[in-house]
Amino acid sequence: MSLREERLQLFLGAASLAFDRFAKAPESRRSIGQFFAALEQPGIMRAGEGSRLPVCAQLDVALAADPSYDLSLARLIEAFKGIEPMLEWRRRTKYDHTAGDNFVDGHANAMIVGPGGLEERNDLWLGVTLLAPHVRYPDHEHAPEEVYLVLSEGEFQQGEGDWFSPGIGGSFYNIPGIKHAMRSVDTPLFAFWALLAERPH
Ligand SMILES: [Fe+2]
């Protein structure tokens, strides 16, 4: 059995507990159950330092939320701080008119587990999005189903539905292929997403 690097293992353990605690919808629970079961098998970890984008200056504020009322969220944030220096923050290259004017410099994504991630693999994607205040992320969709765990204020949309605010610790499920979007309000938006790219048989 190969072991993961300690900080990554700590983070993935914290993510597993937090998703399990906050993902309530039956489809979310099934998806994250499969996700974290498959994640027990480690992938290959990328070596080297991470890299930040200008919007990462918002991280201090985004990570300063005080979720001390819930130990699993507090641990998730602390564990994320441990891996953040190893992450490669990237811009989304594909977007359309639905993106806000300030989108390009107002957002960053980091893949923790998944293609191009800290742990390289194709079957599971676990990543994080950071938006500066008042940034509208473009509509997008993808074949894998997805469970979000939101760690900040911010608004989300599924299909043509109304925008909603999951709040800190909020979680929701995106069915495969559904169009979805997010936008920050007065504070940075910070959210994790877990995609089951290859459903286990
Ligand atoms: Fe998504």
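Scroll up to find the structure.
The paragraphs below set out a description of the structure included in this document. (Residues numbered from 1 in each chain as written. Predicted model: local features only at pLDDT ≥ 70, side-chain atom pairs only at ≥ 80, totals over all residues. Heavy atoms only, no water.)

Okay, the overall build of the protein chain next. Scanning the protein chain from terminus to terminus reveals five helices and 10 strands. Rg of the C-alpha trace for the protein chain: 16 Å, near the compact-globule value of 17 Å for 201 residues, within the 12% margin. Over its C-alpha atoms, taken along the principal directions, the protein chain stretches across nearly 45 × 35 × 35 Å. A burial count over the protein chain gives 50% of its 201 residues as buried. (Helix = DSSP H or I, 4+ residues; strand = E, 2+ residues; numbered from the N terminus. Rg over C-alpha atoms; globule rule 2.2 N^0.38 Å. Buried < 20%, exposed > 50% of the residue type's maximum accessible area, 1.4 Å probe, protein only.)

We now examine the coordination of the iron ion. In the first shell of the iron ion, the protein supplies His142 (NE2), Glu146 (OE), Glu146 (OE) and His180 (NE2), at 2.2 to 2.5 Å from the metal. In this structure, the iron ion is coordinated by four donor atoms arranged in irregular fashion, with angles at the metal of 53 to 130 degrees. Positions of the donor residues of the iron ion along the chain correspond to the pattern H-x3-E-x33-H. Pair noted here: histidine 142 is in the loop between strand 5 (124-131) and strand 6 (145-150) and histidine 180 is in strand 9 (residues 180-183), with a separation of 38 residues, a long-range link. Accessibility assignment for this pair places histidine 142 and histidine 180 in one class, buried. (Donors = N, O, S within 2.8 Å, 3.2 Å for Na, K, Ca; no water. Tetrahedral: all angles 85-135°; square planar, octahedral: opposite > 155°, others 65-115°.)

Attention now moves to the environment of threonine 98. Within the secondary structure layout, threonine 98 lies in the loop between strand 2 (89-90) and helix 5 (103-106). According to the relative accessible area criterion, threonine 98 is buried, its value standing at 16%. Spatially, the C-alpha atom of threonine 98 lies 9.4 Å from that of histidine 140, the residues being 42 residues apart in sequence. In contact with threonine 98, other than residues within four places in its own chain, are Arg136, Tyr137, Pro138 and Asp139. Side-chain polar atoms of threonine 98 contact the side chain of aspartate 96, separated by 2.4 Å. (Contact = heavy atoms within 4.5 Å. Polar contact = N/O pair within 3.5 Å; in protein donor to acceptor, adjacent residues only side chain to side chain.)

This next bit is on the packing of helix 1 (residues 6-22) against helix 4 (residues 71-83). Running from amino to carboxyl end, helix 1 crosses helix 4 at an angle of 150 degrees, the nearest separation of the two axes being 8 Å. With respect to each other, helix 1 and helix 4 are oriented roughly antiparallel. By crossing handedness, the relation of helix 1 to helix 4 is classed as left-handed. Note on element contacts: helix 4 touches helix 1 through Ser72, Leu73, Arg75, Leu76, Ala79, Phe80, Gly82 and Ile83, opposite Arg7, Leu8, Leu10, Phe11, Ala14, Ala15, Ala18, Arg21 and Phe22. Of the residues contributing to the contact of helix 1 with helix 4, the split by class is 12 nonpolar, two polar and three charged. (Axes fitted to C-alpha atoms, helices over the stretch in contact; angles between N-to-C directions. Parallel < 35°, antiparallel > 145°, perpendicular 65-115°, else oblique. Left-handed = near helix turned anticlockwise from the far one by under 90°. Nonpolar A, V, L, I, M, F, W, Y, C, P; charged D, E, K, R; others polar.)

When you line up the elements, valine 61 lands in helix 3 (residues 59-62). In sequence terms valine 61 and tyrosine 95 are 34 residues apart; their C-alpha atoms lie 26 Å from each other.

So, on to the pattern of salt bridges. Evaluation of the coordinates by the stated rule reveals 17 salt bridges. Measuring nitrogen to oxygen at the nearest pair gives 2.8 Å for the salt bridge that ties arginine 7 to glutamate 5. Taking the relative accessible area as the measure of exposure, arginine 7 reaches 39% and is therefore partly exposed. With a closest N to O distance of 2.8 Å, glutamate 119 and arginine 121 form a salt bridge. Each member of the pair, glutamate 119 as well as arginine 121, is classed as buried. Ionic contacts of the salt-bridge type, sharing partners, join the residues Arg4, Glu119, Arg121 and Asp123 into one network. (Salt bridge = Lys/Arg side-chain N within 4 Å of Asp/Glu carboxyl O.)

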